[in-house]
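Breakdown of the fold
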Amino acid sequence: MLMRFEMLKLSRSGRPVVAAVSLALFLVLMLVGFYTYAQNETGGQVDFRYTFENRSYFNGLTFAIYAFYFGVAMLLPVFAAIEGGSQIAAETAAGTIHTLLARPLSRPKIFLTKLAVAVIFLALAVGFFLLIALLIGLLAVGWGDLNLYPGVLQMTSRPQHLTQSEALVAFAMAWPAATITLLAPLTLSFLVSTWVRNPVNAVGVSVSVYLVLYVIAEVHFFRDLRPFLFTSYGSYWRGLFRSDVYWPGVLQDACKLLAFSMFFLALAYRRFSRREET
Amino acid sequence: MNHAILEVDGAVRRFGKRIALAGVSLNLDSRKILALVGPNGSGKTTLLKILAGFLKPTSGCVRVFGMDPFAFRARVMVDARFAFAPPAWYPQLTARETLTFLVGIGNGAVDRTDRARISHVLDSVGLLERADDRVRVFSFGMRQRLALAQAILPTPKLLVLDEPTDGLDPLAILELRAVLRRLRDEHGVAILLSSHLMTEVEHLVDTMAVLHEGSLIFNGPPTELLRDGQCLRLALDGTTDVVARTIALMREEGVVVAHQENGYVTMPVGSITLAHAGKLADRCGAVLKEFHEQRPTLEAALLDRLRTARERPPSSSGSTTPSRTDEC
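Right, let's walk through the structure included here. Note that this is a predicted model, so its numbers are computed, not measured.

A common way to report how large an interface is uses the accessible area buried once the components associate. Listed as interface residues are 34 residues of chain B and, on the opposing side, 27 residues of chain A. The contact between chain B and chain A buries some 2800 Å² in all, and 63% of this surface belongs to carbon and sulfur atoms. Looking only at chain B, the three residues that lose the most surface to chain A are Tyr90, Phe101 and Ile105 of chain B, adding up to 26% of its buried area. Summed over the shared surface of chain B and chain A, the result is two salt bridges. The interface formed by chain B and chain A includes 14 residue pairs in polar contact (both at pLDDT 80 or more). Elements with a minimum of two residues in the side of chain B that touches chain A: β1 (6-15), α2 (73-76), β5 (80-83) and α3 (95-107) of chain B. Here the element with the most residues in the side of chain B that touches chain A is α3 of chain B; it accounts for eight residues.

This is how it looks when you write it as structure tokens:
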């Protein structure tokens, strides 16, 4: 019953619509970026509209993987933080936490239900983003084999070639993998939301912490800190886009991310179960 | 073992250096209505939140149905309903959805009987026609009515209402009074309400507890507070000397004169009979023009109490520095 209650609240909150529109808009902007990139760089001298390279390299799947890369690294963590932060802090700010706690509901039940709703929302947002990215890629450019080359984005350390069907399987696996990546910012935000009494603060703090840790994980100077930062493992899903997936590495990174998430959740639960409602 | 529905024994609550509750003790049994009264910041809401298990007392013992409400909040809430002010609702849900889910959360499911009861309760608080409107369009008064509806659905053993008349029109206040009386008399519900409306308290409650700066300065039936505020008022006519002589004579006779000004004398009820006062006035050459018992309104009696409490030195108003103990 509580789960249905939370799902109804979420569906009526407008957050799913805002998230869907924002994610779709982001993908459209990405497409425009790809479209104008070649024009700008070559002064409009290329036949192919989207990048320097020819159609044998770039297709709808390449667009989808790059869009997904940016989405998982930059946009979806914000939505993960919004969802995590708005679960408990929003109830506290609105005073509705009193309404819930004034019913025979245990704190663990409230906590777990809210977490489940946030995780479901996150998984759906990631799936939606991936699906729309693939769909836009298909409609605007068309699919084909997926070729990846080493570059500044470090998508791969050596050239990869996946057939279209292999690539689609990799995309299907990337969905839960990226969801695991984004669980960390979500649970971090959940933790912050048990401390602060305003959802805006919870989201702001979580996003700030995520961005700082993301930058630290990317800067060579802080390389010794990388094993201790969840942002260091956030791109592990890229390992699925190899012709020979190195599963031990992928699973190890997924487990590390889950361990970070569990750690944040344990702290959040400890705080929520003991806190007073002033 | 029989417990009072609600037992508070020496409850202290501190927020940093500030003492919000300074050793409050009170009980509430079934079939009783207790009003918690006091100025803003006197500790009413803090006490209600402690009873709801939202806050822990710094020291002292609080039991609801014989249980520590902070440790066993979910179990306490099986038979207790709380409605805090201001009422907080989910604006995106309708009144009916809100009640359906709140009932379902307690029961695990909502059956046809529950749905019929929800409609009945919505009707009884005057919200049936707006039952399928989202709460976001509700006025404050309508939200307050919804708070009352959820508080009596299903009928609890303990009902705690924080400022239940806020935002209600006079007719709704009358209806609320009738509902609360019915709950007490027909269902044996113990009701605790905090209120600023003294007319409400006077007509409805069995006991009132007055809080001032965290201390309980009165705990008893409203009639007792009124009785304490009653006094005998005499008016003496005559020259200043004559009046002064009459008052002096009364004092010699053992009468406690509380106040005197311009020939008007006040004293505790029963201090002197009309015949005796007349005789003493006559003996001194004064004329007894008025002799009547002055009955204050409950509000005046309460204000008088609060004024007295304010004038008392801090040590006697309970603002000591309590330490944490386990008194339960």
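Together, Val215, Val219, Phe221, Phe222, Leu225 and Phe228 of chain A line one region of the surface with nonpolar side chains, adding up to about 600 Å² of accessible area. Mapped onto the fold, Phe221 of chain A is located in the loop between α7 (199-218) and α8 (247-274).

All right, on to the pairing of strand β7 (residues 190-194) of chain B then. Residues and elements named next belong to chain B. Counting buried positions over the five residues of β7 gives five, a clear majority of the element. Where burial is concerned, the two faces of β7 agree: the one with Ala190, Leu192 and Ser194 and the one with Ile191 and Leu193 are both buried. Bridge analysis of strand β3 (residues 33-37) against β7 gives four bridges, and the strand direction is parallel. Each residue of the ladder has a partner; that of Ile33, found in β7, is Ile191. In this structure, strand β6 (residues 158-162) lies alongside β7, joined through five bridges in parallel fashion. Looking at β7, one finds that Asp162 is bridged to Ser194. For the segment spanning β6, helix α6 (residues 170-187) and β7, crossover handedness is right-handed.

Another point: the environment of Pro91 of chain B. All names here are of chain B. Mapping Pro91 onto the fold places it in the loop between β5 and α3. As a C-alpha pair, Pro91 and Leu226 span 135 residues in sequence and 43 Å in three-dimensional space. Not counting residues up to four positions away in its chain, the partners in contact with Pro91 are Arg134, Val135 and Arg136.

Moving on, we get to the packing of helix α3 (residues 60-94) of chain A against helix α6 (residues 164-195) of chain A. Residues and elements named next belong to chain A. Taken N-terminus to C-terminus, the directions of α3 and α6 make an angle of 25 degrees; their axes are 7 Å apart at the nearest point. Between α3 and α6, the crossing angle belongs to the class labelled roughly parallel. Where α3 crosses over α6, the handedness of that crossing is right-handed.

So, on to the environment of Pro39 of chain B. Residues and elements named next belong to chain B. Positionally, Pro39 belongs in the loop between β3 and α1 (44-51). Taking C-alpha positions, Pro39 is 12 Å from Ala209, a pair spaced 170 residues apart along the chain. Not counting residues up to four positions away in its chain, the partners in contact with Pro39 are Lys44, Leu211, His212 and Leu306.

Moving on to α7 of chain A. Residues and elements named next belong to chain A. With 20 residues, α7 should reach 28 Å at 1.5 Å per residue; the first-to-last C-alpha distance of 28 Å fits that figure. Looking at the buried positions of α7, the neighbouring elements they touch are α3 and α6. At the N-terminal end of α7, a side-chain oxygen is found 2.8 Å from the backbone nitrogen of Val200, two or three residues along, and the residue is Asn198.

Before going further, it helps to examine the packing of α3 of chain A against α7 of chain A. Helix-helix packing is described using two parameters, namely the angle between the two axes and the distance between the axes. Residues and elements named next belong to chain A. Between α3 and α7, the least distance of the axes is 7 Å, while the angle of their chain directions is 150 degrees. Looking at the two axes, α3 sits roughly antiparallel to α7. The element α3 and its partner α7 pack so that their crossing is right-handed. Residues Tyr69, Val72, Ala73, Pro77, Val78, Ala81, Ile82, Gly85, Ser86, Ala89, Ala90 and Ala93 of α3 lie in contact with α7, whose contacting residues are Pro199, Ala202, Val203, Ser206, Val207, Tyr210 and Tyr214. Split into classes, the residues belonging to the contact of α3 with α7 amount to 16 nonpolar, three polar and no charged.

Procedures and definitions
- Residues numbered from 1 in each chain as written.
- Chains lettered and ligands numbered in written order.
- Predicted model: local features only at pLDDT ≥ 70, side-chain atom pairs only at ≥ 80, totals over all residues.
- Heavy atoms only, no water.
- Contact = heavy atoms within 4.5 Å.
- Buried area = accessible area lost by both parts, 1.4 Å probe.
- Salt bridge = Lys/Arg side-chain N within 4 Å of Asp/Glu carboxyl O.
- Polar contact = N/O pair within 3.5 Å; in protein donor to acceptor, adjacent residues only side chain to side chain.
- Helix = DSSP H or I, 4+ residues; strand = E, 2+ residues; numbered from the N terminus.
- Patch = residues over 30% accessible without salt bridge, like charges linked within 9 Å, V, L, I, M, F, W, Y side chains within 5 Å.
- Areas by Shrake-Rupley, 256 points an atom, 1.4 Å probe, with all protein chains shown as cover.
- Buried < 20%, exposed > 50% of the residue type's maximum accessible area, 1.4 Å probe, protein only.
- Pairing = 2+ DSSP bridges.
- Right-handed = clockwise from strand over helix to strand, strands pointing away.
- Axes fitted to C-alpha atoms, helices over the stretch in contact; angles between N-to-C directions.
- Parallel < 35°, antiparallel > 145°, perpendicular 65-115°, else oblique.
- Left-handed = near helix turned anticlockwise from the far one by under 90°.
- Expected span 1.5 Å × (residues − 1).
- Nonpolar A, V, L, I, M, F, W, Y, C, P; charged D, E, K, R; others polar.

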